[in-house]
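# Inside the fold
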Amino acid sequence: FDDGYSWFYEGVNGWWQYDDRTSKELEGHHKAGHPSCELLIAGYVYIIDLTNMVQCRRNDRTRKRRIKRDLVNLAGRKGVAGLKIP
Ligand code: V3L
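Below you will find a few notes about this structure. (Residues numbered from 1 in each chain as written. Predicted model: local features only at pLDDT ≥ 70, side-chain atom pairs only at ≥ 80, totals over all residues. Heavy atoms only, no water.)

As a further point, take the sheet that holds strand E1 (residues 5–11). Read from one edge of the open sheet, seven strands run E3-E4-E5-E6-E1-E2-E7, paired in mixed fashion. If you trace the sheet from one side to the other, it starts and ends with strand E3 (36–41) and strand E7 (77–80), each paired once. Strand-to-strand twist in this sheet, taken as the mean axis angle between neighbours without regard to direction, amounts to 35°. Bridge count for strand E2 (residues 14–17) against E7 is three bridges, and the pairing is parallel. Each bridged residue has a counterpart across the sheet, and for Trp15 the counterpart in E7 is Arg77. Each of E1, E3, strand E4 (44–49) and strand E6 (60–71) is contacted by helix H1 (residues 20–31), which is oriented at about 170° to E3, the strand it contacts most. (Pairing = 2+ DSSP bridges. Helix = DSSP H or I, 4+ residues; strand = E, 2+ residues; numbered from the N terminus. Axes fitted to C-alpha atoms, helices over the stretch in contact; angles between N-to-C directions. Contact = heavy atoms within 4.5 Å.)

Given below as structure tokens:
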């Protein structure tokens, strides 16, 4: 975003940046003060808990990933939505 922040989810030894559309949606929910939201990501509905800052698939909650809102240049990202983009 204009302020240099974006949204990230946890991978192995690092953070993946959310795809642009999802990142914008998350920012909107965050700014509106919503405690959580449900978003369609790569064909699956994810519950994104903005209070505890975790995400999981709605119909398979075994894998919980931490999420964060951070400065893009400080986040040390692995890539964007699973694509290794430096
Ligand atoms: N955006 C895109 N793909 C996601 C997201 C998301 N927010 N959340 C989960 N997936 P789970 P390393 C990740 C993918 O949590 O090597 C990365 O993007 C997730 O992809 O059970 O472990 C990489 O592509 C996984 O493939 O819903 O850091 C990949 O893992 C699948 O959904 C490997 O990354 C199931 O995750």
